[in-house]
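One-letter residues, chain by chain:
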Amino acid sequence: MTRPFKTETPMSIYLWGEETFGVRSSAQIAARTSLEVVELVMAVLNEHAHEKQVEELADVAVMSWQLAVAHSVDARPVPSVSFVNAYDDTPLAYTLALSRSFSTYVERLVCQRVTGKGSEPAEWLKKTLMVLEAIAQLLNVDLPSIVDAKMEINRARVWAKLDNGHFQHKAA
């Protein structure tokens, strides 16, 4: 059983992304998502304030939900996601699991693009989305609610294209 989204949906975020940044490939979206995953890992690893960890989690979710649209994967949050984690039930352990599952997704995506072979990257994206929900539960937040809050901020920002092709919001 899944919960409904709040205001924002993966499709509404995907369409905003296209309108704001132009049409992007899955690889381009994944590259930006990788940066967001690293920021989340660092926020949790360095024991930043709860609010910072939640902000980084929302960033990863915003990007991952766009990938879900690109791969036709259902990104609706599943209540009470439970995993058997090899480490423990802490945000750090699950954030590292997120990093591993997303890295495998990127590996499969690149392999398919380069060779036309390999297993389906969408399966690893599904796992990544499930781990995102588990991290939200561990941080005691509702994933769709924090995505809505983040998208309200993102939609109000002015974005500039950097020399490396990525976009960055301009300082307020």
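Quick look at the structure, then. Treat the numbers as computed from the prediction; the structure is a model and nothing was measured. (Residues numbered from 1 in each chain as written. Predicted model: local features only at pLDDT ≥ 70, side-chain atom pairs only at ≥ 80, totals over all residues. Heavy atoms only, no water.)

**What to know about the overall build of the chain**
To keep things clear, this is the line we draw: Think of it this way: any DSSP run of H or I at least four residues long counts as a helix, any run of E at least two long counts as a strand, and we number them from the N terminus. Categorising residues by exposure relies on relative accessible area from a 1.4 Å probe, with only protein chains included: less than 20% of the type maximum marks a residue as buried, more than 50% marks it as exposed, and the intermediate range marks it as partly exposed. Note on areas: Shrake-Rupley with a 1.4 Å probe; residue coverage comes only from the protein chains shown.
Counting secondary structure elements, the chain contains 6 helices and 2 strands. Reading the chain from its N end, one meets helices and strands in the order α-α-α-α-α-α-β-β. Counting only residues that meet the buried cut, the chain has 43% of its 172 residues in that class. When the accessible surface of the chain is split by element, carbon and sulfur atoms take 55% of a total near 9,100 Å².

**Section: helix 6 (residues 143-156)**
Operational definition: A helix's residues, less one, multiplied by 1.5 Å, set its expected span. Contact criterion: two residues are considered in contact whenever any of their non-hydrogen atoms come within 4.5 Å of each other.
Compared with the 20 Å implied by 1.5 Å per residue over 14 residues, the 20 Å span of helix 6 between its first and last C-alpha is a close match. For helix 6, every residue scored as buried is listed here: Leu143, Pro144, Ile146, Val147, Asp148, Lys150, Met151 and Asn154. The elements touched by buried residues of helix 6 are helix 1 (10-21), helix 3 (50-70), helix 5 (121-138) and strand 1 (159-161).

**Some points on the pattern of salt bridges**
Just so we agree on the cut-off: Whenever a carboxyl oxygen of Asp or Glu lies within 4 Å of a side-chain nitrogen of Lys or Arg, that contact is scored as a salt bridge.
Scanning the model with the defined rule gives 6 salt bridges in all. The partner of Arg32 in a salt bridge is Glu36, and the shortest N-O contact between them spans 3.1 Å. Placement of both Arg32 and Glu36 in helix 2 (residues 26-45) is noted, with a separation of 4 residues, approximately one turn of the helix. According to the relative accessible area criterion, Glu36 is buried, its value standing at 6%.

**Describing helix 4 (residues 91-115)**
With 25 residues, helix 4 extends 36 Å between its outermost C-alpha atoms, agreeing within 8% with the 36 Å of an ideal straight helix rising 1.5 Å per residue. Listing the buried residues of helix 4 in full gives Ala93, Tyr94, Thr95, Ala97, Leu98, Ser101, Phe102, Thr104, Tyr105 and Leu109. Positive phi appears at Gly116, one or two residues downstream of helix 4, with a value of about 75 degrees.

**A short note on unusual backbone geometry**
Look at Glu47: it is not a glycine, yet its phi comes out positive at around 55 degrees. By the element assignment, Glu47 lies in the loop between helix 2 and helix 3. Positive phi outside glycine occurs at Ser72, with the angle close to 55 degrees. By the element assignment, Ser72 lies in the loop between helix 3 and helix 4.

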